[in-house]
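Each chain is listed here by its residues.
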Amino acid sequence: MEKIYLDHAATTPMRPEVLDAMLPYLKDRFGNPSSIHSFGREARKALDEARDKIAAIIGAGPDEIIFTSGGTEADNSAIKGIALARRDKGNHIITSSIEHHAVLDSCKALEKQGFKVTYLPVDQYGLVRPEDVRSAITDETILISIMHANNEVGTIEPIAEIARVAREKGVYFHTDAVQTVGQIPVNVEDLGVDMLSLSAHKFYGPKGVGALYVRKGVRALPFMHGGGQERGRRAGTENVPGIVGMAYALELAVKEMDENIKKVSGLRDALIRGVTERIDHVRVNGHPVKRLPGNASFCFEFVEGESILLNLDMKGIAGSSGSACTSGSLEPSHVLLAMGLPHEIAHGSLRLTLGRDNTMEQVRYVLDVLPEIISKLRSMSPFGRTAQ
Ligand SMILES: *Cc1c(COP(=O)(O)O)cnc(C)c1O
């Protein structure tokens, strides 16, 4: 049976070209970039080139890029780093109720240390309103963190507008751009952000490597201590092969971006159209237009997301219910609840996220098997009868 991968928001397969670019740094170019000798210099050169490449792509300077172990570390460093550095300026942080747990749980950890956090609501499409951000700002506000696009429902937030509000009020602004870098155009100047998180494995690069952009002049305290790597902002020997792979993956993603957006959003639209035409009592989650090219998110009434996933998996289709981090728990997605969906409907969520290797044939196959799965589950469910 052919396997169909429709979970690109959780992770993407690494491109073979990216692996080829990394291999020399896992083999004979193994030097430590901090070493003085030729092995070290060779690794340093690769690191510098990767930094230049990534910086140029997002509109930053090379000294504004800090390499991290991924999106989670970038989010943690941004939020905790600013909180610690600006503690004497105030104790209030603003974020949204639909952030990734890397942001939400960093904020919760800070609440335990005496910080106050405002979790802004979103509208029915998952959009944060810039005017809500404005009215939440107080004299104590030291940081605003709002994601660029949501990983569950794909909604793209009005980041440039929100960043303008933050700048007007003199508050630092961080965005988790893990779902957008490499997928849609991202430029830190156009967005007007002070900090931005990205992660390689969401754009066909390796896992365990990412970066945090920190605008020049913005002081965040490091939370890894040790060697003086990354200009003293993140200690630890750099993941040279990973960083080389990340830079190359991003370069390829940007080169093919227009073509890819066209292809993937075409598949997404066909999938959404097909599902809503063939299945009753289904809602499409997220914004109709301000949405990631690959994201199709649904709620099927009278069924459980987990059961849909298991049945799809038996047919070779890999999707997800909510986010990878919440599946496995019985709590419905915090994102869907924040968008105002009732618990029982949020439980029936299915997220299918498309990528560069998916085809229209695969979408057709999903459209063939999904209606059968849903009607089978509904006929078995005690709630199903009320659907007839
Ligand atoms: C995947 C993801 C993260 C976490 O990134 P890792 O590199 O897996 O730690 C953070 N934020 C969002 C929006 C994500 O989609």
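For the structure, check the block above.
Before going into details, it helps to say that this report is about the structure given with it. The structure displayed is predicted, hence computed values, not measured ones. (Residues numbered from 1 in each chain as written. Predicted model: local features only at pLDDT ≥ 70, side-chain atom pairs only at ≥ 80, totals over all residues. Heavy atoms only, no water.)

Around the ligand sit 13 residues in total, of which Thr 72, Asp 176, Gln 179, Ser 199 and Lys 202 are the nearest. Between the ligand and His 201, the relevant distance is 2.8 Å, taken from an oxygen atom to a side-chain nitrogen or oxygen of the residue. In isolation the ligand exposes 380 Å². Once the protein is present, 88% of that is buried. In terms of residue count, helix H3 (residues 71-85) provides more of the shell around the ligand than any other element does, three residues in total. Its residues assigned to classes, the shell around the ligand shows two nonpolar, eight polar and three charged. (Near = heavy atom within 4 Å. Polar contact = N/O pair within 3.5 Å; in protein donor to acceptor, adjacent residues only side chain to side chain. Areas by Shrake-Rupley, 256 points an atom, 1.4 Å probe, with all protein chains shown as cover. Helix = DSSP H or I, 4+ residues; strand = E, 2+ residues; numbered from the N terminus. Nonpolar A, V, L, I, M, F, W, Y, C, P; charged D, E, K, R; others polar.)

Now for the packing of aromatic side chains. Under the counting rule described, the total for this entry stands at two aromatic pairs. With centroids separated by 5.3 Å and ring planes inclined at 35°, the aromatic side chains of Phe 30 and Phe 39 adopt a geometry described as tilted. Judged by relative accessible area, Phe 30 falls into the exposed class, the value being 56%. Of the residues examined, Phe 39 reaches a relative accessible area of 38% and is grouped as partly exposed. Seen from their ring centres, Phe 298 and Phe 300 are 5.8 Å apart, and the 35° between their planes marks the pair as tilted. Judged by relative accessible area, which is 0%, Phe 298 ranks as buried. Classification of Phe 300 by relative accessible area gives buried; the value is 0%. (Phe/Tyr/Trp six-rings, centres within 6.5 Å; stacked < 30°, edge-to-face > 60°. Buried < 20%, exposed > 50% of the residue type's maximum accessible area, 1.4 Å probe, protein only.)

Here we come to empty space enclosed by the protein. The tally for this structure, following the rule as stated, stands at five cavities of 30 Å³ or more. Its boundaries defined by the atoms lining it, the largest cavity holds a volume of some 210 Å³. Surrounding the largest cavity, 20 residues form its lining, His 8, Gln 179, Gln 183, Gly 294 and Leu 354 being those nearest its centre. The dominant element in the lining of the largest cavity, judged by the number of residues it contributes, is helix H9 (residues 257-278), at three residues. (1 Å grid on protein atoms, 1.4 Å probe; cavity = no way out; pocket = protein on both sides within 12 Å on 5 of 7 lines; lining within 4 Å. Points joined across faces, edges and corners; volume = space filled by probe spheres on them.)

Another aspect to go through is the nonpolar core. Core analysis: the biggest nonpolar cluster contains 55 residues, and Ile 144, Phe 173, Val 193, Leu 196 and Met 246 have the highest contact counts within it. It is helix H8 (residues 240-255) that contributes the most residues to this core, six residues altogether. When residues no more than four places from it in sequence are discounted, the contact partners of Leu 196 are His 174, Thr 175, Ala 177, Val 181, Val 186, Val 188, Leu 191, Ala 211, Leu 212 and Tyr 213. Among the nonpolar cores identified, the runner-up in size contains 29 residues, and Ala 270, Val 303, Leu 309 and Leu 377 belong to it. (Core = buried A, V, L, I, M, F, W, Y, C linked by side-chain atoms within 4.5 Å. Contact = heavy atoms within 4.5 Å.)

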